[in-house]
Amino acid sequence: MAERKKIFYGWFLLVAVWLVTACSTGMFVNSMTQFQKPVCEAMNITRAQFSLSASFISIAGMLLAPFVGKIFEKFNPRLVVTLGSLLMLTGWFGFSFVPDITSFYVMAIIIGIGSSVSGAVVVNIILNNWFHAKKGFAMGFASTGSGFGSMVFNPLGSALIVNFGYQAAFRGLGVCAVLCLLPILLLFVYKPEYKGLSPYGESQEDTDTVQEEGCLRAEALRSPRFWGVCFIVFGLSAGGVGIFSQMAAYFTDIGYSAAQAAAFVSMISLSMAISKIFFGWLNDRVGTYKNFMVITGVSIVGIFILFAAPNRALAYLSAILFGVTLSSTNVMTPLITVHAMGSRDFANIFGIVSFFLYVGSIVAPPFSAVVYDTMGSYTFAFFTYAFLYIAALVIGVFALKGRSAGEKRG
């Protein structure tokens with residue numbers, strides 16, 4: 001009888017990091033909105049003060065992102081991920097005990113520090129190490145964890161708050177977070193060679209050659225191609241988050257009921273989840289350059305169709321296409337980084353690229369709100385984001401054209 005072929009270990013890691021994404025983004029960031037009213041009432045604070053907690057999570061992650069690669073070089077990666085996970089859990093459980101908003105901010109910063117070394121940035125570093133073939137699918141699938149986490153933990157958090165109070169809800173979701181993080185702590189292996197394996201799609205004899213292709217961080221910092229990638233990532237992040245943060249308000253502004261607006265937002269989220277997997281799969285079929293052109297082109301169309309959303313049929317179409325727009329950041333950021341710079345020093349280079357991803361997501365929502373408060377509509381903000389996407393598309397022609405620095409030759 002022929003020997004039964006073992007399942008590649010990287011697939012188990014993919015499931016584990018999917019759960020990490022569901023927890024670190026889907027719960028710790030996206031479900032925070034459920035706690036806004038009860039925390040504001042309990043601490044006698046404004047909604048703006050509460051919203052700053054999400055900003056502190058992002059800012060802490062943004063400041064540490066450029067150093068993630070160096071941290072993994074200097075310290076045991078398994079230990080770093082374990083400590084990061086414990087910090088995230090400490091901050092989340094801490095929310096249920098702190099008596100004032102200052103302490104609440106401290107817990108948010110602790111979560112941000114932990115997520116920087118065990119959250120979404122590290123997920124893409126691990127998948128880049130383990131997958132050379134099917135890299136697009138792996139990264140696209142992993143990023144859907146955030147949507148799944150939002151879909152599950154938002155209603156669960158709401159139900160716990162209604163029945164037991166917000167403090168018990170933080171603790172209840174915290175138990176779920178422990179279960180989500182446990183698989184990565186048990187299965188974590190930073191690189192396949194640590195288990196005597198090769199990355200998926202590579203044979204043992206050519207693994208070392210592929211890993212040496214690409215440039216080091218110092219070389220990348222001197223490369224216009226690298227800074228082009230950073231601008232692209234900033235533009236995609238700012239456009240996607242800047243519009244999505246205002247979607248419910250925008251649809252009600254143009255005449256839809258709150259329930260209809262919520263339905264459109266849900267459709268956007270569903271489209272985003274499907275798009276992440278589809279465009280990850282497409283990347284493996286047509287290559288990163290063509291995939292980037294397609295997803296960015298569709299995204300631009302999606303933004304412009306938002307202006308025609310008073311028409312109900314076009315509102316549905318705009319929701320579907322904007323789901324593609326929103327998925328473009330998560331799918332393309334790691335893929336265009338490795339395409340342009342290679343895999344040789346991906347962890348250090350991707351950390352810097354992620355800094356610009358954070359910047360876009362932090363500055364865009366308040367910019368959208370200021371535009372609305374000043375002009376009475378989102379038109380100027382939406383045109384600004386469309387321009388950023390068009391500029392990203394043009395820059396991508398020059399920064400991403402040609403063979404990847406990390407592709408296998410032959």
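Residues numbered from 1 in each chain as written. Predicted model: local features only at pLDDT ≥ 70, side-chain atom pairs only at ≥ 80, totals over all residues. Heavy atoms only, no water.

Some thoughts on the overall build of the protein
Basically, it comes down to this: Starting at the N terminus, helices and strands are each numbered in turn, a helix being any DSSP run of H or I of at least four residues and a strand any DSSP run of E of at least two. We compute the radius of gyration over the C-alpha atoms and compare it with the globule rule, which gives 2.2 Å times the number of residues raised to the power 0.38. Exposure is judged per residue with a 1.4 Å probe applied to protein chains only, and the accessible area is read against the type maximum: over 50% gives exposed, under 20% gives buried, and values in between give partly exposed. Residues count as neighbours in contact if any of their non-hydrogen atoms are within 4.5 Å of one another. All accessible-area figures derive from a Shrake-Rupley calculation using a 1.4 Å probe, and residue coverage is judged against the displayed protein chains alone. For the purpose of charge, His is not counted, nor are the chain termini; Lys and Arg are scored as positive and Asp and Glu as negative. For the purpose of locating charges, the reference atoms are NZ of Lys, CZ of Arg, CG of Asp and CD of Glu.
Summing up its helical and strand segments, the protein has 18 helices and zero strands in all. Since a compact globule built from 410 residues should have a radius of gyration of about 22 Å, the 21 Å found for the protein is in line with a globular shape. Once the C-alpha set of the protein is aligned to its principal axes, its extents read approximately 60 × 50 × 45 Å. Of all 410 residues assigned to the protein, the portion counted as buried reaches 52%. Across the protein, every contact between residues at least 6 apart in sequence was considered, and the portion connecting residues at least 24 apart equals 82%. A total of about 17,400 Å² of accessible surface is found on the protein, and carbon and sulfur atoms cover 67% of it. Of note, the protein has its 25 positive side-chain charges centred 4 Å away from the centre of its 17 negative side-chain charges.

Some remarks on the confidence of the model for the protein
Stated precisely, the cut-off is as follows: Values of pLDDT, which run from 0 to 100, indicate the predictor's confidence residue by residue.
This prediction gives the protein a mean pLDDT of 87; 94% of its residues lie at or above 70. Predicted confidence for residues 207–211 stays below pLDDT 50, and this span has twelve contacts to residues more than four positions away or in other chains. Long-range and interchain partners of residues 405–410, a stretch whose pLDDT sits below 50, account for 21 contacts in this model, where long-range means more than four residues apart.

Considering the packing of aromatic side chains
The line we're drawing: Stacked, edge-to-face and tilted are the three classes for Phe, Tyr and Trp ring pairs, Trp counted by its six-membered ring, which pair at centre distances within 6.5 Å; planes under 30 degrees apart are stacked, over 60 edge-to-face, the rest tilted. As a reminder, the over-ring test applies to NZ of lysine and CZ of arginine, requiring each to be within 6 Å of the ring centre and within 35 degrees of the ring normal.
Evaluated as defined, the whole model comprises 46 aromatic pairs. Aromatic rings pair up to connect Phe 8, Tyr 9, Trp 11, Phe 12, Trp 18, Trp 130, Phe 131, Phe 137, Phe 141, Phe 148 and Tyr 200 into one cluster. When the ring centre of Phe 97 is taken as reference, the NZ or CZ atom of Arg 171 above it lies at 4.4 Å. In this structure, Lys 195 is placed above the aromatic ring of Tyr 9, and the distance from its NZ or CZ to the ring centre is 4.5 Å.

Description of the nonpolar core
To keep it simple, the criterion reads: In this description, a nonpolar core means a group of buried Ala, Val, Leu, Ile, Met, Phe, Trp, Tyr and Cys residues linked to one another through side-chain atoms lying within 4.5 Å.
If you look at the biggest cluster of nonpolar residues, it comprises 119 residues, and the most contacted ones within it are Phe 35, Trp 92, Phe 104 and Phe 251. With twelve residues, the single largest contributor to this core is helix H16 (residues 312–341). With near-sequence residues (within four places) excluded, Phe 35 lies in contact with Phe 50, Trp 92, Ile 161, Tyr 166, Ala 169, Phe 170 and Leu 173.

Some points on helix H14 (residues 258–286)
Just so we agree on the cut-off: By definition here, a helix of n residues has an expected span of 1.5 Å times n minus one.
The first and last C-alpha atoms of H14 sit 40 Å apart over 29 residues, in line with the 42 Å expected at 1.5 Å per residue. Those residues of H14 that fall on the buried side of the exposure criterion are Ala 261, Phe 264, Ile 268, Ser 271, Met 272, Ser 275, Lys 276, Phe 279, Gly 280, Leu 282 and Asn 283. At its buried positions, H14 is contacted by helix H8 (135–164), helix H12 (224–244), helix H13 (247–253), helix H15 (288–305) and H16. Looking one or two residues beyond H14, the residue adopting positive phi is Gly 287, at roughly 95°.

Here's the deal with the environment of Gly 136
Its location among the elements puts Gly 136 in helix H8. Between the C-alpha atoms of Gly 136 and Gly 280, which are 144 residues apart in sequence, the distance is 4.1 Å. Setting aside anything within four residues of it in sequence, one finds Gly 136 in contact with Gly 280, Trp 281, Asn 283, Asp 284 and Leu 335.

Considerations on the side chain of Ser 271
When you line up the elements, Ser 271 lands in helix H14. Judged by relative accessible area, which is 9%, Ser 271 ranks as buried. Beyond its immediate stretch of four places on either side in the chain, Ser 271 contacts Ala 319, Ile 320, Gly 323 and Val 324.

Points about the state of the cysteines
Our working rule: Note on terminology: disulfide denotes any pair of cysteine sulfur atoms within 2.5 Å.
Inspection of every chain in the model, using the stated rule, returns zero disulfides. Among the cysteines around Cys 180, which has no disulfide bond, Cys 23 carries the closest sulfur, lying 5.3 Å off. Here Cys 215 stays free of any disulfide, with the sulfur of Cys 230 as its closest cysteine sulfur at 11 Å.

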